Amino acid sequence: MGFLSRTYLTIYNWTVFIGWAQVLYLAVKTLIESGHEHVYDAVEKPLQLAQSAAFLEILHGLIGLVRSPITATLPQIGSRLYVTWGILYSFPEVRTHILVSSLVISWGITEVIRYSFFGTKEAFGSAPSFLLWLRYSAFLLLYPTGISSEVGLIYIAMPYMKVSEKYCIRMPNKWNSSFDYFSAAIATLGLYIPGSPFLYSYMLSQRKKALSKTKRE
Amino acid sequence: MKVTVTTRSGRELIKGQVELNDSATVVDLQEAIHKRTKKYYPSRQRLTLPIKPGSKEKPTVLQSKKSLKDYTDGNIDQLTVVFKDLGPQVSYPILFFWEYLGPLLIYPIFYFFPVYQYLGFKGERVIHPVQTYALYYWCFHYFKRIMETFFVHRFSHATSPVSNVFRNCAYYWSFGAYIAYYVNHPLYTPVTDLQMKIGFGIGILCQVSNLYCHIILRNLRGDGSGGYQIPRGFLFNIVTCANYTTEIYQWLGFNIATQTVAGYVFLIVAAFIMTNWALAKHRRLKRLFDGKEGRSKYPRRWVILPPFL
């Protein structure tokens with residue numbers, strides 16, 4: 001792969017790594033010092049920045065810069081952006097919930113491992129085996145905790161969606177169209193039912209492939 | 001001649017070989033295979049000539065009308081074919097009938113029955129003229145499609161995998177309900193009378209053109225064959241897939257008249273799907289009619305939507 005792409009990807013991965021390291025540090029520090037109600041306010045800006053950078057990853061997949069299939073990255077990035085912007089940012093009432101802490105810490109640990117793994121791989125051609133093991137094992141615990149936190153927060157935000165009518169389009173209107181954010185949230189929760197086992201088993205098969213390859217080497 | 005039938009992994013599908021007349025056709029071979037393997041009726045079989053391992057070439061598919069002799073290269077008493085199971089098949093007319101029946105029946109449900117009462121919209125419902133015309137237009141469209149399926153179209157393949165029934169019906173039936181919901185809604189806002197007339201006018205003109213395109217295409221396969229010819233006449237002189245072009249513009253007409261986001265979403269998705277088909281068809285025709293060895297050369301034409309593609 002071109003020198004330019006490798007350099008770009010190295011810089012990209014380490015930059016986003018620093019973002020997530022910041023999120024994780026601030027989350028744990030605030031949780032211990034001030035309590036779970038304040039975690040969101042402490043991490044808001046670095047979280048929004050680091051999570052939104054994931055947009056670029058869809059682009060990377062589309063133009064073939066990275067090998068990950070878009071069917072695996074799109075749902076994951078989609079749900080992350082939805083929870084970050086469509087739930088936490090849009091409905092401040094849920095920010096003080098303890099699930100925000102479990103969410104941000106699950107995401108933080110997963111992403112810190114993932115970005116340092118890819119950052120090392122791009123920079124040096126390969127990653128140390130402990131990092132490989134972490135990248136393909138941490139998800140075993142962190143996917144369930146992360147996904148449960150996402151689902152929980154969506155659910156908790158729903159009464160506020162109904163009352164505020166935020167992002168809703170009602171008829172009558174010139175374009176004869178309507179949109180109900182509350183119903184869309186129900187539909188999204190529905191997507192988690194097939195989506196979560198799909199992503200989890202995708203990671204399991206990736207784990208098998210990655211860890212058996214090193215055994216053989 | 002003796003024919004060896006293997007699977008793609010090299011295993012012999014039929015123990016021993018199939019014994020056939022030297023003048024046997026591919027159809028005869030398929031029937032013989034069906035006799036020996038009850039599950040694999042002819043439309044489920046895809047037979048190809050073996051390719052050298054590692055070769056990047058696409059395998060030659062045996063065509064039903066041809067005789068087996070055409071595929072043996074000199075040694076007329078021996079032939080090896082590779083078998084692939086295409087899965088349970090459904091005939092194209094049946095598939096199309098079920099796809100189109102959904103929209104034909106679902107749309108009127110939203111017009112005639114008090115559906116919206118159950119969705120929380122109480123009170124009287126005033127029906128605008130455009131909603132009635134849209135009902136007629138929509139139902140005529142899908143009725144036309146069903147009629148064309150049985151009386152006009154000549155299909156290049158006899159069957160399609162059964163899984164396509166679920167996929168295609170989901171597509172047509174869901175979009176049918178989605179559009180019907182908004183056009184027949186009690187809070188529907190009509191466009192101006194002029195816009196409605198322009199929309200339906202374009203739509204009707206394009207539906208008639210579309211029917212004419214289908215008739216031209218049918219006559220290309222006058223002998224009942226599933227082969228490919230260069231389409232000529234009417235809009236085909238300037239665009240390869242004039243049938244898709246007229247279909248897209250027909251939906252555009254419907255949307256200009258009814259103005260719903262749902263309708264335009266459907267238009268975009270349908271145009272996208274048809275464009276993919278059109279590109280494949282255009283490419284195939286250019287490849288088949290390359291101007292060499294006495295074949296005609298495919299003329300320069302738009303693919304589907306002049307002046308864009």
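Structure: see above.
Thresholds applied
- Residues numbered from 1 in each chain as written.
- Chains lettered and ligands numbered in written order.
- Predicted model: local features only at pLDDT ≥ 70, side-chain atom pairs only at ≥ 80, totals over all residues.
- Heavy atoms only, no water.
- Helix = DSSP H or I, 4+ residues; strand = E, 2+ residues; numbered from the N terminus.
- Rg over C-alpha atoms; globule rule 2.2 N^0.38 Å.
- Buried < 20%, exposed > 50% of the residue type's maximum accessible area, 1.4 Å probe, protein only.
- Areas by Shrake-Rupley, 256 points an atom, 1.4 Å probe, with all protein chains shown as cover.
- Lys, Arg positive; Asp, Glu negative; His and termini not counted.
- Charge placed at Lys NZ, Arg CZ, Asp CG, Glu CD.
- Pairing = 2+ DSSP bridges.
- Contact = heavy atoms within 4.5 Å.
- Axes fitted to C-alpha atoms, helices over the stretch in contact; angles between N-to-C directions.
- Core = buried A, V, L, I, M, F, W, Y, C linked by side-chain atoms within 4.5 Å.
- Patch = residues over 30% accessible without salt bridge, like charges linked within 9 Å, V, L, I, M, F, W, Y side chains within 5 Å.
- Salt bridge = Lys/Arg side-chain N within 4 Å of Asp/Glu carboxyl O.
- Left-handed = near helix turned anticlockwise from the far one by under 90°.
- Nonpolar A, V, L, I, M, F, W, Y, C, P; charged D, E, K, R; others polar.
- Buried area = accessible area lost by both parts, 1.4 Å probe.
- Expected span 1.5 Å × (residues − 1).
- Bend = angle between axes of the 7 residues up to and from the residue.
- Phe/Tyr/Trp six-rings, centres within 6.5 Å; stacked < 30°, edge-to-face > 60°.
- Lys NZ or Arg CZ within 6 Å of the ring centre and 35° of its normal.
- Parallel < 35°, antiparallel > 145°, perpendicular 65-115°, else oblique.

The helix and strand tally for chain A stands at 7 helices and 0 strands. The order of α-helices and β-strands along chain A, N terminus first, is α-α-α-α-α-α-α. In terms of overall size, chain A behaves like a compact globule, its C-alpha atoms giving a radius of gyration of 19 Å where 217 residues would be expected to give roughly 17 Å. For chain A, the spread of C-alpha atoms along the principal axes amounts to about 60 × 45 × 30 Å. Every one of the 217 residues in chain A was classed for burial, and the buried ones make up 45%. When the accessible surface of chain A is split by element, carbon and sulfur atoms take 70% of a total near 11,600 Å². Between the centroid of the 19 positive side chains of chain A and the centroid of its 12 negative side chains there is a distance of 12 Å.

Residues and elements named next belong to chain B. Sheet architecture is open: 4 strands sit in the order 2-1-4-3, paired in mixed fashion. The sheet is open, and its two edges are formed by strand 2 (18-19) and strand 3 (45-48), each paired on a single side. Sheet topology note: the strand 3/strand 4 (residues 78-85) ladder contains 4 bridges and is antiparallel. Each bridged residue has a counterpart across the sheet, and for L47 the counterpart in strand 4 is F83. Packed on one face of the sheet, helix 1 (residues 26-36) meets strand 1 (2-7), strand 2, strand 3 and strand 4 and runs near 125 degrees to strand 3.

Here we come to unusual backbone geometry. Excluding glycine, residues mostly have negative phi values, and the peptide bonds linking residues are mostly trans. The residue after A:M171, namely A:P172, is reached through a cis peptide bond having omega 0 degrees. Summarising the element assignment, A:P172 is placed in the loop between helix 6 (139-164) and helix 7 (181-216). Residues B:P306 and B:P307 are joined by a peptide bond in cis, for which omega reads -5 degrees. Phi is positive for B:Q259, which is not a glycine, with a value near 45 degrees.

For the rest of this paragraph, the subject is the nonpolar core. Core analysis: the largest hydrophobic core is formed by 47 residues, its most contacted members being B:Y107, B:W138, B:Y142, B:F200, B:F254 and B:I304. Residue assignment for this core shows that the elements contributing at least two residues are helix 2 (92-112), helix 3 (115-118), helix 4 (129-151), helix 5 (163-183), helix 6 (193-220), helix 7 (242-258) and helix 8 (261-288) of chain B. Residue contacts for B:I304: discarding those within four places in its chain leaves B:V239, B:C241, B:Y244, B:T245, B:I248, B:M274, B:T275, B:A278 and B:L309. Core analysis: the second largest hydrophobic core is formed by 35 residues, A:V16, A:V94, A:M161 and A:C168 among them.

A cluster of basic side chains, namely A:R67, A:K121, A:K209 and A:K213, defines a positive patch on the protein surface. Structurally, the position occupied by A:K213 is in helix 7.

Residue and element names in this part refer to chain A. Packing of helix 4 (residues 98-124) against helix 6 brings their axes to within 8 Å, and their N-to-C directions diverge by 145 degrees. As for the relative orientation of helix 4 and helix 6, their crossing is left-handed in sense. Contacts between helix 4 and helix 6 involve L99, V100, S102, L103, S106, W107, I109 and T110 from the former and L142, T145, G146, S149, E150, G152, L153 and I156 from the latter. Taken together, the residues of the contact of helix 4 with helix 6 sort by class into 8 nonpolar, 7 polar and 1 charged.

Moving on, we get to the pairing of strand 4 of chain B. Of the strand pairs in this sheet, strand 1 of chain B and strand 4 of chain B are connected by 6 bridges, and their pairing is parallel. Residue pairing across strands places B:T4 opposite B:T80, the latter belonging to strand 4 of chain B.

A few words now on the interface of chain A and chain B. In this assembly, 8 residues from chain A lie in contact with 10 residues from chain B. Summing both sides of the interface, chain A and chain B together bury roughly 850 Å²; the carbon and sulfur share of this comes to 55%. Per-residue buried area on chain A facing chain B is highest for A:M171, A:W175 and A:N176; these three make up 65% of the total on that side. Inspection of the region where chain A meets chain B yields 0 salt bridges.

Residues and elements named next belong to chain A. Here helix 6 spans 35 Å end to end across 26 residues, near enough to the 38 Å set by a 1.5 Å rise per residue. At M158, helix 6 shows its strongest bend, of approximately 35 degrees, with the proline P159 following within four residues. One or two residues past the end of helix 6 sits E165, with phi positive at roughly 55 degrees.

Moving on to the packing of aromatic side chains. As enumerated under the stated definition, the model contains 46 aromatic pairs over all chains in all. Aromatic side chains B:Y212 and B:F234 sit 4.9 Å apart centroid to centroid with 70 degrees between the ring planes, which places their arrangement in the edge-to-face category. You can see B:Y212 sitting in helix 6 and its partner B:F234 sitting in the loop between helix 6 and helix 7, a full 22 residues away along the chain. The class of B:F234 is partly exposed, set by a relative accessible area of 38%. Above the face of the A:F91 ring, A:K166 is positioned so that its terminal group lies 5.7 Å from the ring centre.

Residue and element names in this part refer to chain B. The contact between helix 7 and helix 8 brings their axes to 10 Å, and the two run at 175 degrees. Between helix 7 and helix 8, the interaxial angle falls into the category roughly antiparallel. Across the interface between the two elements, Y244, E247, I248, W251, L252, N255 and I256 from helix 7 touch G263, Y264, F266, L267, A271, M274, W277 and A278 from helix 8. Taken together, the residues of the contact of helix 7 with helix 8 sort by class into 12 nonpolar, 2 polar and 1 charged.

Take the pattern of salt bridges next. Residues and elements named next belong to chain A. Counted under the stated rule, the structure contains 14 salt bridges over all chains. Note that R170 is salt-bridged to D180, the shortest N-O span being 3.1 Å. Of this pair, R170 sits in the loop between helix 6 and helix 7 while D180 sits in the loop between helix 6 and helix 7, and the two are 10 residues apart along the sequence. Relative accessible area serves as the criterion here: at 23%, D180 is assigned to the partly exposed category. Residues participating in the shared-partner salt-bridge network are E57, R80, E111 and R114.

Any link to function would need more than the numbers given here.
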